[in-house]
Amino acid sequence: MNRKDEHLKLALDFHKEKRLSDFDNIDFVHNVFPEINMNDVDITTNIAGYDLNHPFHINGMTGGSELTKKYNQMLAILARETKTFMGVGSLSIALKDESTHDSFKIARRENPNGIIFANLGADKTLEDAKKACEIIDADGIQIHVNVCQEIVMPEGERQFSGWLDNISKIVDGLGLPVLVKEVGFGMSKPAIKSLKEIGVTTIDVSGKGGTNFAKIENSRRTNDKYNFLENYGNSTVVSLLEAQEYINNIDIIASGGIRNSMDIVKSLSLGAKSVAMAGRFLSLVNELGMEEAIEEVNNWKYQIKSIMTLLGAKNISELQKTDIIIRNEVREWAELRNIDVKKLANRKK
Ligand code: FNR
């Protein structure tokens, strides 16, 4: 089976499993007197220079085959109808094989006025990035950094030097916004610092807790399994804590294992400017008809507003001043890394 089709099918199976999440190690302090009305709540945000109607979006996933074209089409219709920012999957295959272009271009055809980002790995050059953006008339590009996935992939890359230099050249020369993302193993403070130093201003931490590419690639290996990497990586919550020093000067995006509207609000409260979902959107268009999927996404917007009302936060910047309690092993991580969880628990005056 084609690798892209295999990823898609394995990810759909994977999302049927119930998993523990670090988001369950976070609590808000109940606000008895919010003293605001639901109509007062503004859930708009801005990432990579684009205004978004709501603080969640569709993360880069797919393209490159007939099957994935169908998914890109469904995701693009959903994005258009709900005014949601969307990324397509890696266009690496499109740089080599023109016959795959249409499986990506479909996203732009279905959503001519939407914000759509291209996607490539950090091993690619500025010229590659320009070409990828041209193919879908992109509004920007997601550059993925996926060392752990490559390591587990039998046919994966083994040369990882020069990635920061490649990203730096793309940032300097592309003339479009560049968003750097992980693929489910998370970010750390030094990684964010390195990206900031080369001029990256939008970073998706894409942490552990959701789609697990160590598990997916491992199940594609016939022997010599890499089971020991299936729990490797920084969770999304841990990655957001690692990003704390940068939330005021970098657009931080949370992704990786976002299960519901409460996880979205918790991520925003920890400093994310938008929250991306891949597996969840894939399951949504796979399991529901388009009308129901649109309704579900619109429900999420309403739910986010409800939770923000409950917390007395009129907008995302007020949400980032609510008290948030970090518990258990996440607290242990934070303490060992000198991240001040007591400050997060006492932000309200
Ligand atoms: C992905 N993801 C991904 N990321 C990327 O930057 N380029 C890609 O081509 C792909 N391909 C891909 C295929 C499929 C089927 C899935 C489910 C995911 C990773 C994705 O953008 C995200 O970082 C992780 O999936 C973690 O988020 P979720 O799925 O837990 O919400």
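What you see is a predicted model, and the numbers here were worked out from it, not measured in a lab. (Residues numbered from 1 in each chain as written. Predicted model: local features only at pLDDT ≥ 70, side-chain atom pairs only at ≥ 80, totals over all residues. Heavy atoms only, no water.)

1. Re the UniProt feature "domain: FMN-dependent dehydrogenase" (unreviewed entry) in the protein chain
Under the convention used in this document: UniProt positions are given in the numbering used here, feature names are shortened, and annotations may be inferred rather than shown by experiment. For the purposes of this entry, the term helix denotes a DSSP run of H or I that reaches at least four residues, the term strand denotes a run of E that reaches at least two, and both are numbered from the N terminus.
According to UniProt, the positions carrying the feature "domain: FMN-dependent dehydrogenase" (unreviewed entry) are residues 165-323. Summarising residues 165-323: 48% helix, 10% strand, and an end-to-end C-alpha distance of 39 Å.

2. Examining the pattern of salt bridges
In plain terms, the rule: By definition here, a salt bridge exists when the distance from a side-chain nitrogen of Lys or Arg to a carboxyl oxygen of Asp or Glu is within 4 Å. Exposure is judged per residue with a 1.4 Å probe applied to protein chains only, and the accessible area is read against the type maximum: over 50% gives exposed, under 20% gives buried, and values in between give partly exposed.
For the structure shown, the criterion picks out 21 salt bridges. One salt bridge in this structure joins Asp24 and Arg259, with 2.9 Å as the shortest N-O distance. Taken together, the residues Asp24 in the loop between α1 (3-14) and β1 (26-28) and Arg259 in the loop between β10 (251-255) and α11 (261-269) connect sequence positions 235 residues apart. In this structure Asp24 comes out as partly exposed when scored by relative accessible area, which is 39%. Glu197 is the salt-bridge partner of Lys193, the closest N and O atoms lying 3.1 Å from each other. Highlighted residues: Lys193 and Glu197, both in helix α8 (residues 189-197), separated by four residues, approximately one helical turn. A relative accessible area of 44% places Lys193 in the partly exposed class. Put simply, Arg3, Glu6, Glu155, Glu217 and Arg220 are held in one network by salt bridges that share partners.

3. What to know about the UniProt feature "binding site: substrate" (unreviewed entry) in the protein chain
Inclusion rule: We call two residues in contact whenever any of their non-hydrogen atoms come within 4.5 Å of each other.
Cross-referencing UniProt, the feature "binding site: substrate" (unreviewed entry) maps to Arg3, Lys4 and Gln149 in the present numbering. Across 147 residues of sequence, these annotated residues stay compact in space, with a maximum C-alpha separation of 13.8 Å. With respect to the secondary-structure elements, Lys4 resides in helix α1. Apart from the residues within four sequence positions on either side, Lys4 is in contact with Gly63, Thr68 and Ser90. Structurally, Gln149 is set in helix α6 (residues 147-152). When its relative accessible area of 6% is taken as the criterion, Gln149 is described as buried. Residues in contact with Gln149, not counting those within four places in the same chain, are His7, Val183, Phe185, Phe213 and Glu217.

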